[in-house]
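Listed below, chain by chain, are the residues.
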Amino acid sequence: MVRIITDSAADFEPWELAQQDITCIPLTVIFGDTEYQENVNLSKEKFYRLLEESAGAPKTAQASPQILMDLFQEVKDAGDEAVYITLASALSGTYQTACAAKELVGGGSCYVVDSRNATGGQRMLVEHAVKLRRQGKSAAQIAAGVEDLREKIVLYACVDTLEYLFHGGRISHTVYKIGTLAQVKPIIRVAEDGRVEVPAKALGMRKGMDFLCRRLELQKKSPGYPLYVMYTADRTNGEILAGRLRDMGYDVPDSRIINVGAAIGSHVGPNACGLVYVEE
């Protein structure tokens, strides 16, 4: 049996994980002195409520090496194989920790893949792995297939503020200062190596959505893969963007409008929206 593993940055709902037989490692979010595990004692709704009420920005932490070692040992003892698709190594130490844990338990049948992405982009790679498993592929074949698709993932988002990315150490002070002009909404994207970049700025969220739609027209979507719309906290912007994409002829059912969870929402903040797809 091949086990598909990811972490909570992929933004699956618990029922989706059960439905697709995906093992999910919860990442930790810290408000003050209190630690929460995403999808264990911290739902998306509770996270954004805490984010609104908290005086300071939350911190995030990867899973402990022991949790990963125990998981890889369990896979090994059961005689199974596994593919673990992690949050981008440029955003978290999860990938490096998982590689080290695998080596410590001698988990040669476990493959660790750096998604070089997050939220909807990471989710698409996990879903591709599930599809390959259904086709009867081995863990090695699944890992290779995920790495091939990884290079074609496109993720853009318009965020309300760069404050959370800056305080989380994901962008430089220079980028932060440039992006904090009045009414300017920064456009972020996930680069090929998984880093967060700010390629453009828009005067307001509507103009930001204009940019996202233009990028989709320029970087054509592969018809063989879904298009996801993402939002943080308030679904309104996600619904508006999805409506615009539908008007352009794209299929965006409600099930593909996803709320970004705590692991990424901690660094993006509320009121953002974005899209992710596979480039043709």
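Residues numbered from 1 in each chain as written. Predicted model: local features only at pLDDT ≥ 70, side-chain atom pairs only at ≥ 80, totals over all residues. Heavy atoms only, no water.

**Student:** Whenever I open this one, unusual backbone geometry confuses me. Can you help?
**Tutor:** In this model, D21 sits at a positive phi of 55 degrees, which is unusual for a non-glycine residue. Secondary-structure assignment places D21 in the loop between helix 1 (14–20) and strand 2 (22–25). What makes D21 partly exposed here is its relative accessible area of 45%. For N271, which is not glycine, the phi dihedral falls at a positive 70 degrees. Within the secondary structure, N271 sits in the loop between helix 11 (262–268) and strand 13 (273–278). Classification of N271 by relative accessible area gives partly exposed; the value is 29%. (Helix = DSSP H or I, 4+ residues; strand = E, 2+ residues; numbered from the N terminus. Buried < 20%, exposed > 50% of the residue type's maximum accessible area, 1.4 Å probe, protein only.)

**Student:** In this structure, what is going on with the packing of helix 9 (residues 205–218) against helix 10 (residues 235–247)? I would like to understand it.
**Tutor:** Helix packing geometry: the angle between the two helix axes and the distance between the axes. Interaxial distance between helix 9 and helix 10 falls to 11 Å at its minimum, and their mutual angle equals 40 degrees. Looking at the two axes, helix 9 sits oblique to helix 10. For helix 9 against helix 10, the interelement crossing comes out right-handed. Within the contact between the two elements, helix 9 uses M205, R206, M209, D210, L212, C213 and L216 and helix 10 uses N237, I240, L241, R244 and L245. (Axes fitted to C-alpha atoms, helices over the stretch in contact; angles between N-to-C directions. Parallel < 35°, antiparallel > 145°, perpendicular 65-115°, else oblique. Left-handed = near helix turned anticlockwise from the far one by under 90°. Contact = heavy atoms within 4.5 Å.)

**Student:** I tried to follow the environment of S89 on my own but got confused; where do I start?
**Tutor:** Mapped onto the elements of the fold, S89 is located in the loop between strand 6 (81–86) and helix 4 (94–105). Sequence separation between S89 and C158 is 69 residues; the distance between their C-alpha atoms is 22 Å. When neighbours within four sequence positions are excluded, S89 is seen to be in contact with Y95, Q96 and D114. Only 2.5 Å separates the side chain of S89 from the side chain of D114, close enough to count as a polar contact. (Polar contact = N/O pair within 3.5 Å; in protein donor to acceptor, adjacent residues only side chain to side chain.)

**Student:** I tried to follow helix 10 on my own but got confused; where do I start?
**Tutor:** The end-to-end C-alpha separation of helix 10 is 18 Å, in line with the 18 Å expected for 13 residues at 1.5 Å each. Among the residues of helix 10, N237, G238, L241, A242 and L245 are the ones counted as buried. When helix 10 is viewed along its axis, its buried side chains cluster within an angular range of 130 degrees and face the same direction. For helix 10, the secondary structure elements touched by its buried residues are helix 9, strand 11 (228–231), strand 12 (257–259) and strand 13. (Expected span 1.5 Å × (residues − 1). Arc of directions from axis to C-beta.)

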